[in-house]
Structure formats: C-alpha cells, structure tokens
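Each chain is listed here by its residues.
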Amino acid sequence: DGQFTNFILSRNPNKADRAANDRWIMPSFSSSGDGPFVNPTVGNFELRQSLKFRMAQVKATLAKGLTDRQSLANDMTQTHEMEYLRYGEGALLGRHVDEHHLELKRPNGSKLPLKPNASRRSITWLIYLNDEWDEADGGQLRLHERASEAIAHVGARRGNDLQVGWLRRTSDYGEQPVFLDPNRDGPENETCMLYTMDESGNERDLSRKPFANVALYLGGGDRLARRFMVDDPVDAERFHLIDAPKSLVSSSRLVKGPGPMGEDGGERIRDILPRAGTLVMFDSVSLPHEVLQTNRERFGVQGWFHEKIYTQSDMNTSTS
C-alpha cells in the first residue's frame with residue numbers, strides 16, 4: 001500500500017539490473033520525519049511496538065556489557081533505527097560496512113559542525129521472517145570475519161575514535177584492531193593518528209607524528225596507509241584497512257571485490273541463512289558483510305542501535 005520505499009542508497013553497481021536492485025524498506029524515520037513503521041494506522045502497530053520494546057531491552061543490556069559504549073542507553077528522538085526489509089527475487093547487496101569514521105565520510109569530517117544530538121550506527125541487527133528457507137533459496141547474509149580472534153576490543157574506543165583497520169595476526173603477534181584518533185596535537189588539519197591496543201588495553205601509536213586529516217579520504221587503500229601513516233615496517237606489513245574508504249580516488253575506478261580470505265589473507269566468510277526467527281547482531285564498524293542473490297521473495301526486520309557522536313566540548317569536559 002505504498003508504505004515501502006526503494007532501498008536506493010546501496011544500489012548494485014549494475015544500474016540496469018532491476019532485479020538486483022529490488023530492495024525495499026518500511027523505515028521508522030527519515031530525513032523528512034517519522035516513517036510508516038511507527039505510524040499506528042499502518043498494519044499491526046501493536047506487534048511492532050512489542051518488538052520495539054524487546055529490542056530496547058537488548059540495547060540496554062549491550063550498553064551495560066560492552067566496553068566504551070554507554071551512550072547506547074541514550075533514547076533521543078530518531079536515533080535508533082528499525083525497519084521492515086523486503087528483497088525481491090534476484091536482489092542482492094554488495095560488500096560494505098554500515099558505519100565509517102567521520103574522517104572517512106567527508107574531508108576533515110571530525111572538524112565540521114554536527115547537528116544537534118548527532119549519533120552514529122554502533123550495533124547492526126536483523127531478524128528474519130521467512131519460514132522454510134533452504135540453501136537453494138539464496139539470500140544468505142555473508143559475513144567477512146577475521147580469521148583470528150582479536151586480542152582487544154573492536155569497533156570503537158573513547159570519543160569518536162572508531163576502528164579503521166587491523167594488524168594481521170602472525171606467528172609473533174596477535175590480531176589487533178587499529179583505531180583513528182583525529183584530534184592529536186599538530187599543525188592545522190594534520191591531527192590524525194593511527195593506534196592499536198594490546199591484550200592489556202595498552203595503546204601504541206603507529207607513527208611518530210600525525211598525518212593530514214584528508215589523507216585517508218582522498219587516497220584510501222592499504223598501500224598509501226602503509227607508506228605514509230605507519231612507521232614500523234613490521235606494522236606496515238601487517239596493516240589492513242577494514243574496507244577501503246569510498247574516496248574520490250576509489251570511486252573513480254572499478255575495484256574487484258576481495259576473495260574469501262580478503263585482501264590481506266586474514267579473513268574468513270560465514271554465511272547465515274535468513275530463516276524465520278534468526279536474530280543476527282554485529283558491530284556496525286568492523287564487520288564487512290553482503291547479501292547473496294535472493295532466489296525468492298525475502299522479508300525481515302533490520303535496525304541499528306546508535307551511539308552519540310561527541311563534540312569537542314564533550315571531549316574537553318570528559319578530560320578536565
């Protein structure tokens with residue numbers, strides 16, 4: 001009845017392939033205001049409210065149990081997303097992550113003004129609704145996980161320091177997340193620093209001095225980061241971006257997706273069948289994923305729990 005809208009933000013690169021782009025959502029809100037998911041006159045509103053309450057309980061539990069994610073408990077208007085999802089026969093969705101560091105979204109993104117109560121995606125969740133779904137029906141959620149378990153907490157650190165990469169496990173070192181701090185002391189617009197953590201939570205910078213804020217956004221890719229943002233050759237050999245930023249350079253050329261082991265050989269894939277009642281949850285920043293071709297109509301509910309994006313004033317207050 002016109003309550004679903006085409007999921008145009010993640011279209012298949014083949015614009016002429018209508019089947020691949022047959023993805024539709026019924027959102028809880030958009031830039032223009034509340035969406036049909038929260039409209040009491042649309043469908044079974046009582047059922048949707050019951051689901052909303054249950055997921056709010058899950059969110060509260062995560063806010064208490066996860067490291068450095070207390071702001072998950074915040075309940076500001078139009079932050080935590082929830083929506084019905086429909087994939088038509090032939091639909092698919094390419095590899096991507098659901099959230100990026102501010103510096104990978106816009107040049108000098110951390111220095112630009114924020115809208116009031118700004119937030120970001122923190123935890124992605126999906127609940128599938130189709131009964132009797134088999135392998136031949138396709139539509140699997142494919143997770144591109146790291147082959148080795150990380151030795152430190154992943155996804156996000158203090159303030160707006162989101163994870164942007166990995167130091168791959170070797171015979172001498174464990175798998176380590178790499179975060180981007182955009183607020184180090186340095187010349188104007190040269191205040192970014194990559195750092196990692198060990199199993200005890202100790203931080204270690206990957207270079208002696210900060211680099212230009214626009215460097216990752218404009219250049220993107222492991223080669224540039226290894227050469228200009230990582231000093232130690234051992235670290236550089238291990239370093240890998242979670243996914244190359246959608247930069248001016250990367251968007252100007254067609255890049256073939258990595259194989260099952262990823263670009264750096266440190267990944268493995270896990271496929272999840274979209275069977276009714278299955279709940280999937282994962283970090284929105286650190287886990288690339290895709291949806292394989294769907295061979296019959298598929299339905300689900302998806303959402304994102306949000307965390308606060310901190311202003312410079314917030315961070316100054318927390319350190320004073």
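In short, a report on the structure. (Residues numbered from 1 in each chain as written. Predicted model: local features only at pLDDT ≥ 70, side-chain atom pairs only at ≥ 80, totals over all residues. Heavy atoms only, no water.)

1. Some remarks on the overall build of the chain
- For the chain, the helix and strand inventory stands at 6 helices and 17 strands.
- Residue burial in the chain is summarised as follows: out of 320 residues, 48% are buried.
- In the chain, the proportion of contacts linking residues at least 24 apart, taken out of those at least 6 apart, comes to 70%. (Helix = DSSP H or I, 4+ residues; strand = E, 2+ residues; numbered from the N terminus. Buried < 20%, exposed > 50% of the residue type's maximum accessible area, 1.4 Å probe, protein only. Contact = heavy atoms within 4.5 Å.)

2. Regarding the nonpolar core
- Counting residues in each nonpolar core, the largest one holds 16 residues, and the members touching the most others are Leu180, Leu194, Leu216 and Phe239.
- Sorting the residues of this core by element identifies β9 (163-167), β10 (176-181) and β13 (239-241) as the ones contributing at least two each.
- Core analysis: the second largest hydrophobic core is formed by 15 residues, Ile25, Leu141, Val280 and Leu287 among them. (Core = buried A, V, L, I, M, F, W, Y, C linked by side-chain atoms within 4.5 Å.)

3. Considering the pairing of strand β11 (residues 193-197)
- Counting buried positions over the 5 residues of β11 gives 5, a clear majority of the element.
- Burial along β11 is two-sided: Met193, Tyr195 and Met197 facing one way and Leu194 and Thr196 facing the other are all buried.
- Of the pairings in the sheet, the one linking β10 to β11 comprises 4 bridges and is antiparallel in character. Across the sheet, the residue bridging to Phe179 is Tyr195, located in β11.
- By the bridge criterion, 3 bridges tie β11 to strand β12 (residues 203-205) in an arrangement that is antiparallel. Among the inter-strand pairings, Met197 is bridged to a residue of β12, identified as Glu203. (Pairing = 2+ DSSP bridges.)

4. Let's talk about the pairing of strand β17 (residues 298-308)
- Counting buried positions along β17 yields 9 of 11 residues, so the element is predominantly enclosed.
- Direction of pairing for strand β5 (residues 81-87) relative to β17: antiparallel, over a ladder of 7 bridges. Bridged to Tyr84 within β17 is Val301.
- In this sheet, β17 lies alongside strand β7 (residues 119-128) in antiparallel orientation, the contact comprising 9 bridges. Residue pairing across strands places Ser119 opposite Lys308, the latter belonging to β17.

5. Considering the packing of aromatic side chains
- According to the stated counting rule, one finds 3 aromatic pairs in the structure shown.
- One cation-aromatic arrangement involves Arg48 over Phe37; the distance from NZ or CZ to the ring centre is 5.5 Å.
- Above the plane of the ring of Tyr87 lies Arg298, whose end atom (NZ or CZ) is 4.4 Å from the centre. (Phe/Tyr/Trp six-rings, centres within 6.5 Å; stacked < 30°, edge-to-face > 60°. Lys NZ or Arg CZ within 6 Å of the ring centre and 35° of its normal.)

6. Some points on the sheet that holds strand β8 (residues 141-146)
- Pairing in this open sheet of 4 strands is antiparallel, and the strands run β6-β16-β8-β14 from one edge to the other. On the outer flanks of this sheet lie β6 (93-96) and β14 (267-272), each paired with one strand and no other. Strand-to-strand twist across the sheet, computed as the mean angle between neighbouring axes with direction ignored, equals 15°.
- Across 3 bridges, the pairing between β8 and strand β16 (residues 289-291) is antiparallel. Across the sheet, residue Leu143 finds its bridge partner in β16, namely His289. (Axes fitted to C-alpha atoms, helices over the stretch in contact; angles between N-to-C directions.)

7. Structural notes on the environment of Ala136
- Checked against the element boundaries, Ala136 lands in the loop between β7 and β8.
- Overall, Ala136 belongs to the exposed group, its relative accessible area being 63%.
- Taking the C-alpha atoms as reference points, Ala136 and Thr294, 158 residues apart in sequence, are found 9.2 Å from one another.

8. Considering the pattern of salt bridges
- Per the stated rule, a full pass over the model turns up 23 salt bridges.
- A salt bridge links Asp205 to Arg184; the nearest nitrogen and oxygen atoms lie 2.9 Å apart. With a gap of 21 residues between them, Asp205 in strand β12 and Arg184 in the loop between β10 and β11 connect regions that are remote in the sequence.
- Arg204 is the salt-bridge partner of Asp235, the closest N and O atoms lying 2.8 Å from each other. One end of the pair, Asp235, is in helix α5 (residues 233-238); the other, Arg204, is in strand β12, and 31 residues separate them in sequence.
- Ionic contacts of the salt-bridge type, sharing partners, join the residues Arg69, Arg120, Asp283 and Glu307 into one network. (Salt bridge = Lys/Arg side-chain N within 4 Å of Asp/Glu carboxyl O.)

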